[in-house]
Amino acid sequence: MAVDNLNVTMTEAEMERAIARIMDRLDEVNTFYIKKIAGQIKRIGEMSQSSVNRLVVMADMGADVAEITERLRVATGLNVRDLYAVYNQALNDVYTDKRFAVYLEKNPMQPGSVERLNQYARLVSVQTAQSMVNLSNTTAVSSAYREAIDKAIYAVSSGVGDYKSVMRQTVQSLGYNGMQVKYGSGYHRRLDSAVRQNIIDGANQLAQNASLLMGEELGFDAVELSAHARSAPDHEPVQGRVFLKSEFEKMQSGSDFYDVDGNHYPGFKRQIGEWNCMHIAMSFSTQHSVRRYTDDQLSEWRAANAAGCTIGGKHYSTYEAVQLMRRIETEVRRQKDTAVAAAAAGDKELRQKCQLKIDALAKSYTQIAQTAGITPRRDRMSVNGFRAIKVS
């Protein structure tokens, strides 16, 4: 697997666009997958008991599965190319980190050290790219398609009285679940969610470990945690603080620990950089580095987060309000996928029900955003192929 694109530089805005392209390609394949199966269900529903020919239907299914798989393969190949550029930017951010700037002016890194960092970046990029390929290879296209078609054929050939309601459940499940990754344990997860998490985890892993490797090369003795507004409550007290390496190890093991200013913190279970944590630890020198975040800034973020807002008579921190919005975004995408499936299956009633839910969710989303003072991300609710309809 080539890694030539690892040498491409990007701005932060370009990196965001690259990630958006990765997800858009998967969204296009997911929509194609949904429409193909839903369209087949519609055709089966138009057949009579005597005209249903399972062999013919399965032949059509084989052709569809081959086309879906090929589209997924092409999209994954393009996504791998963009992935290398994203991770190259993550590494560049480490090289230009202000924590190293003062020291590196007088003590530039040796070529061998730079090459070791580049090798590590290539390793993480290849591993994440391979995991992306593996996810596409384990996507349950054929089995999900076959299960849906088997239900449709049985419903028609057995003369089930209410075929429409029986198949509506299948169409709803198809749209709501989308393309699913099947793990060895039997656990299923939407492909887009799995890929997004892999990209984020890989980028965080690259940034954190590359920074720690760089700190070892330079003899730095501590780490500084990244920080952001609207932090999760378990990590909010420690974000933006500096910890000696030994204390950071205690933090990651769940034990009590201290920062370099002598402040004591009780241990917490969720490690920094794990379980959807967006914080990362960056190497820091207590002699040469300058903190990125001031105490005043951290205090302002914490106070604003705690102040939060009131929604439906209940108080929420700003972090909790953001989580509500993320859940609505996910639910809207699922409902739009279901609407796409309903349209392809010719189920106008289900299509209208989806639109009513989408409208209600969008209204709630806007109210939460306005109440909490959070910028809405309507781009996170877009779905390829979805067209809104008016419902009285």
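Keep in mind that this is a model prediction, so the values were computed, not measured. (Residues numbered from 1 in each chain as written. Predicted model: local features only at pLDDT ≥ 70, side-chain atom pairs only at ≥ 80, totals over all residues. Heavy atoms only, no water.)

Asker: Help me understand the overall build of the protein chain in this model?
Answerer: Scanning the protein chain for helices and strands turns up 11 helices and nine strands. Dimensions of the protein chain, computed from the C-alpha atoms along their principal axes, are close to 85 × 55 × 35 Å. In the protein chain, which comprises 392 residues, the proportion classed as buried is 45%. By sequence separation, contacts in the protein chain at least 24 residues apart represent 74% of the contacts at least 6 residues apart. If you sum the accessible surface of the protein chain, you get close to 19,900 Å²; carbon and sulfur atoms cover 50% of it. (Helix = DSSP H or I, 4+ residues; strand = E, 2+ residues; numbered from the N terminus. Buried < 20%, exposed > 50% of the residue type's maximum accessible area, 1.4 Å probe, protein only. Contact = heavy atoms within 4.5 Å. Areas by Shrake-Rupley, 256 points an atom, 1.4 Å probe, with all protein chains shown as cover.)

Asker: Could you clarify how one ought to interpret helix α8 (residues 245-253) in this entry?
Answerer: The periodicity of an α-helix, 3.6 residues per turn, causes residues three or four positions apart to be oriented the same way. For α8, the full list of buried residues reads Glu247, Phe248, Met251 and Gln252. Down the axis of α8, the buried set is contained in an arc of 145°. They therefore lie on one face. Away from the buried face of α8 by more than 90 degrees, exposed residues Glu249 and Ser253 are located. Those residues of α8 that are buried lie in contact with β3 (222-225), β4 (242-244), β5 (257-258) and β7 (281-284). (Arc of directions from axis to C-beta.)

Asker: So what exactly am I meant to see when it comes to the packing of helix α5 (residues 141-157) against helix α6 (residues 163-177) here?
Answerer: At their nearest, the axes of α5 and α6 sit 10 Å apart, and the two run at 175° to each other. Put simply, α5 runs roughly antiparallel to α6. Touching Ala148, Lys151, Ala152, Ala155 and Val156 of α5 are Tyr163, Val166, Met167 and Thr170, all from α6. For the contact of α5 with α6, the per-class residue count stands at seven nonpolar, one polar and one charged. (Axes fitted to C-alpha atoms, helices over the stretch in contact; angles between N-to-C directions. Parallel < 35°, antiparallel > 145°, perpendicular 65-115°, else oblique. Nonpolar A, V, L, I, M, F, W, Y, C, P; charged D, E, K, R; others polar.)

Asker: Looking at this model, I keep getting lost on the packing of aromatic side chains. Mind explaining?
Answerer: In the structure shown here, the tally under the stated rule is five aromatic pairs. Aromatic side chains Phe243 and Tyr265 sit 5.8 Å apart centroid to centroid with 65° between the ring planes, which places their arrangement in the edge-to-face category. Placement of Phe243 in strand β4 and of Tyr265 in strand β6 (residues 264-265) is noted, with a sequence separation of 22 residues between them. For the residue pair Phe243 and Tyr265, the accessibility class agrees, reading buried in each case. With a centroid separation of 5.3 Å and 15° between ring planes, the pair formed by Phe257 and Tyr265 is classed as stacked. The class for Tyr265 is buried, based on a relative accessible area of 9%. Connected via pairs of aromatic rings, a cluster forms that spans Phe243, Phe257, Tyr265 and Phe268. Sitting over the face of the ring of Phe32, Arg71 holds its NZ or CZ atom 3.7 Å from the ring centroid. (Phe/Tyr/Trp six-rings, centres within 6.5 Å; stacked < 30°, edge-to-face > 60°. Lys NZ or Arg CZ within 6 Å of the ring centre and 35° of its normal.)

Asker: Could you clarify how one ought to interpret the environment of Ala339 in this entry?
Answerer: Considering the arrangement of structural elements, one finds Ala339 in helix α10 (residues 318-345). Here the alpha-carbon distance between Ala339 and Val141, two residues 198 residues apart in the chain, equals 20 Å. Among residues more than four places away in sequence, those in contact with Ala339 are Arg351, Cys354 and Phe386.

Asker: How should the pairing of β7 be read in this particular structure?
Answerer: Working note: regular strand, side chains alternate between the two faces of the sheet. Burial of the side chains of β7 extends over both faces: Ala281 and Ser283 are buried on one face and Met282 and Phe284 on the other. Judged from the four bridges that link them, β3 and β7 form a sheet pairing that is antiparallel. Residue pairing for β7: Val223 is matched across the bridge by Ser283. (Pairing = 2+ DSSP bridges.)

Asker: Any chance you could explain the sheet that holds β4 here in plain terms?
Answerer: The pairing of strands in a sheet happens through backbone hydrogen bonds and is either parallel or antiparallel. Taken together, three strands build an open sheet; the order of strands is β4-β3-β7 and the sheet is antiparallel. At either margin of the open sheet sits one strand with a lone partner, and together these are β4 and β7. Between one strand and the next, the sheet's axes are offset by a mean angle of 35°, whatever the strand orientation. Here three bridges tie β3 to β4, and the two strands are oriented antiparallel to one another. When the sheet's bridge partners are listed, Val223 is paired in β4 with Phe243. Relative to the sheet, helix α7 (residues 191-218) contacts β3 and β7, its axis offset from that of β7 by approximately 15°. Docked against the sheet, α8 engages β3, β4 and β7, running at close to 100° with respect to β4.

Asker: Help me understand α10 in this model?
Answerer: Between its first and last C-alpha, α10 extends 41 Å over 28 residues, near the 40 Å set by a 1.5 Å rise per residue. The positive-phi residue at the C-terminal boundary of α10 is Gly346, with phi of around 75°. (Expected span 1.5 Å × (residues − 1).)

Asker: What am I meant to see in the side chain of Arg334 here?
Answerer: In this structure, Arg334 sits in helix α10. It turns out Arg334 is buried and unbridged, and the closest side chain with the opposite charge, Glu331, is 5.0 Å from it. With residues up to four places along the chain from it excluded, the contact list for Arg334 reads Gly175, Tyr176, Asn177 and Arg190. (Lys, Arg positive; Asp, Glu negative; His and termini not counted. Salt bridge = Lys/Arg side-chain N within 4 Å of Asp/Glu carboxyl O.)

Asker: It is not clear to me how the pattern of salt bridges should be interpreted in this structure. Could you clarify?
Answerer: Working definition: two side chains of opposite charge can pair if their charged atoms are close together. According to the stated counting rule, one finds 19 salt bridges in the structure shown. The closest approach of N and O atoms between Lys36 and Asp64, which form a salt bridge, is 3.6 Å. Taken together, the residues span a long stretch of sequence, with Lys36 in helix α1 (residues 12-45) and Asp64 in helix α2 (residues 54-95) at a distance of 28 residues. If you follow the salt bridges from partner to partner, you end up with Arg168, Asp347, Glu349 and Lys353 in one network.

Asker: Sorry if this is basic, but what is going on with the packing of α6 against α10 here?
Answerer: Between two packed helices, what matters for the description is the angle formed by their axes and the separation of those axes. The contact between α6 and α10 brings their axes to 7 Å, and the two run at 135°. One finds that α6 runs oblique with respect to α10. Between α6 and α10 lies a crossing whose hand is right-handed. Contact with α6, carried on its side by Val171, Gln172, Leu174, Gly175, Tyr176 and Asn177, involves Glu331, Arg334, Gln335, Asp337, Thr338, Ala341, Ala342 and Ala345 of α10 and no other residues of that element. (Left-handed = near helix turned anticlockwise from the far one by under 90°.)

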